[in-house]
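# Understanding the architecture of this molecule
Residue-level listing of the chains:
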Amino acid sequence: MKRNIDMNEISDGKLYTSNDMAKIDCHGCKDCSDCCHGMGDSIILDPADIYRIFLGTGKEFATLLQEKKIGLKVVDGLILPYLNLSGKGEGCSYLNAQGRCSIHAHRPGICRLFPLGRVYEEYGFRYFLQTKECSCQNRSKMKIKKWLEMPHLKEYEQYVLLWHQFLMACEEEVSNLNEQEHQILTTYLLRHFYQTTYSAKEELMFYQEFKRRMELAKQTLGIIF
């Protein structure tokens, strides 16, 4: 999802890699779940997010939609899933009665990232610290890769970049399509990367399966990036 922002207004002005230290440690959040409320439909999910939720809950894409754990929206011309918020204060549907994440080990990438964001560059991306988002006032420094708690971080970062590049290419392609062609592309993307359950039994295998699907999608859609 594209965002036009002034980095000087929302960050500390620095860009980080996963090996850098940043002031992100909230000390276990201490019963705070402010960042899990009031986000509307802005938490867009990528294929790895849906895969992780499936590993953690055993529920496939169609079931998550039916149970309203996720919804669908148009983002920059593409139909993508988002994490559904519900109830008083629009809290994440995966918060338990104590206000803690019930799928914490399988939480989406954007949840792991917060309060960091990403700045995409020509051959990769770097992280930045959102200084006005987290309500914790006494954060400590922590290495970013430790904060992310992401197994196979190198493969994950490669995946994130590949998915971003693919979405950018699809969004550019959409502007040249008629209504019927547009519908075919968006339907294919949703079915191919989200609705069809991944057979991978663990996350490293997921990235390998995803790459195979990506190559097939590029050939089928004729998209080059």
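Residues take numbers from 1 onward in each chain, read along the sequence in its written order. Residues qualify for local features only when their pLDDT is at least 70, as the model is predicted, and side-chain atom pairs are given and counted only at 80 or more; totals for whole chains, interfaces and linings, by contrast, use all residues. Think of the side-chain values as coming from all heavy atoms in the structure, minus any hydrogens and water.

### Observations regarding the overall build of the chain
A count of helical and extended segments in the chain gives 8 helices and 8 strands. Taken across its 225 residues, the chain has 43% of its residues classed as buried. Taking the contacts inside the chain whose residues are at least 6 apart along the sequence as the reference set, 72% of them involve residues at least 24 apart. Put simply, the chain shows about 12,500 Å² of open surface, and 49% of that area lies on carbon and sulfur atoms. Asp and Glu are treated as the negative residues and Lys and Arg as the positive ones, with His and the ends of the chain left uncounted. For this purpose, a charge sits on NZ of Lys, CZ of Arg, CG of Asp or CD of Glu. When the 29 basic and 29 acidic side-chain charges of the chain are each reduced to a single mean position, those positions are 7 Å apart. Runs of H or I in DSSP of at least four residues are treated as helices and runs of E of at least two as strands, each being numbered from the N terminus. Whether a residue is buried, partly exposed or exposed follows from its accessible area with a 1.4 Å probe, protein chains only, as a fraction of its type maximum: under 20%, in between, or over 50%, in that order. Throughout, a residue-residue contact means that at least one pair of heavy atoms, one from each residue, lies within 4.5 Å. Values of accessible area rely on a 1.4 Å probe in the Shrake-Rupley scheme; residue burial ignores everything except the protein chains shown.

### What to know about the packing of aromatic side chains
The aromatic pairing rule takes the rings of Phe, Tyr and Trp, using the six-membered ring of Trp, and pairs them if the centres are within 6.5 Å, calling planes under 30 degrees apart stacked, those over 60 edge-to-face and the rest tilted. This model, assessed by the stated rule, comprises 19 aromatic pairs. Here R118 stacks its cationic end above the ring of F125, 5.6 Å away from the centre of that ring. Over a ring means this: the NZ of a Lys or the CZ of an Arg is within 6 Å of the ring centre and within 35 degrees of the ring normal.

### Focus: the pattern of salt bridges
By salt bridge we mean one thing: a side-chain nitrogen of Lys or Arg within 4 Å of a carboxyl oxygen of Asp or Glu. Taken as a whole, this structure holds 8 salt bridges when the rule is applied. Between E121 and R126 there is a salt bridge, with the nearest N and O atoms lying 2.7 Å from each other. Look at E121 and you get partly exposed, because its relative accessible area is 34%. In this structure, E215 and K218 form a salt bridge, with 3.6 Å as the shortest nitrogen-oxygen distance. Taken together, the residues span about one helical turn, with E215 and K218 both in helix α8 (residues 203–221) at a distance of 3 residues. Under the relative-accessibility criterion, E215 is labelled partly exposed at 41%. What you see here is one network of salt bridges that share partners, running through D49, R52 and E203.

### Some points on the nonpolar core
In terms of nonpolar packing, the biggest core is built from 61 residues, with W163, L189 and F193 touching the most fellow members. The greatest single-element share of this core, amounting to 12 residues, is contributed by helix α6 (residues 153–174). Once you skip the residues sitting within four places of it in the chain, F193 turns out to touch P47, W163, F166, Y198, F210, R213, M214 and A217. Residues belong to one nonpolar core when they are buried, are Ala, Val, Leu, Ile, Met, Phe, Trp, Tyr or Cys, and are joined through side-chain atoms within 4.5 Å.

### Examining the packing of helix α2 (residues 47–57) against α8
Any two packed helices are characterised by the angle at which their axes cross and by the distance between the axes. Every angle, taken between N-to-C directions, lies between 0 and 180 degrees, and every axis is a line fitted to C-alpha atoms, over only the stretch in contact when it is a helix. Taken N-terminus to C-terminus, the directions of α2 and α8 make an angle of 140°; their axes are 11 Å apart at the nearest point. Classified by the interaxial angle, the pair formed by α2 and α8 is oblique. The chirality of how α2 crosses α8 is right-handed. Residues P47, A48, Y51 and R52 of α2 pack against E203, F206, Y207 and F210 of α8. In the scheme used here, Gly and all other residues not listed as nonpolar or charged are polar, with Ala, Val, Leu, Ile, Met, Phe, Trp, Tyr, Cys and Pro taken as nonpolar and Asp, Glu, Lys and Arg as charged. Among the residues making up the contact of α2 with α8, the classes are represented as 6 nonpolar, no polar and 2 charged. Each angle is binned into one of four classes, with values under 35 degrees roughly parallel, values over 145 roughly antiparallel, values of 65 to 115 roughly perpendicular, and all other values oblique. Each crossing gets its handedness from the near helix: less than a right angle anticlockwise from the far helix is left-handed, clockwise is right-handed.

### Side note on unusual backbone geometry
That bond from F114 to P115 is cis: its omega, 5°, falls within 30 degrees of zero. Positive phi, normally seen in glycine, also occurs at K68, with a value near 60°. With respect to the helices, strands and loops of the structure, K68 is situated in the loop between α3 (61–66) and β2 (70–75). One non-glycine residue, E149, adopts positive backbone phi at about 50°. Secondary-structure assignment places E149 in the loop between α5 (144–148) and α6. According to the relative accessible area criterion, E149 is partly exposed, its value standing at 46%.

### Observations regarding the side chain of S11
When you line up the elements, S11 lands in the loop between α1 (7–10) and β1 (21–25). By relative accessible area, which is 9% here, S11 ends up buried. Engagement of the side chain of S11 in a polar contact is seen with the backbone nitrogen of G13, the distance being 3.0 Å. Those residues in contact with S11, other than ones at most four positions away along the chain, are F128, L129 and T131. Any N or O atom pair separated by 3.5 Å or less is treated as a polar contact, with the protein-specific requirement of one donor-capable and one acceptor-capable atom, and with residues adjacent in sequence counted only for side-chain atom pairs.

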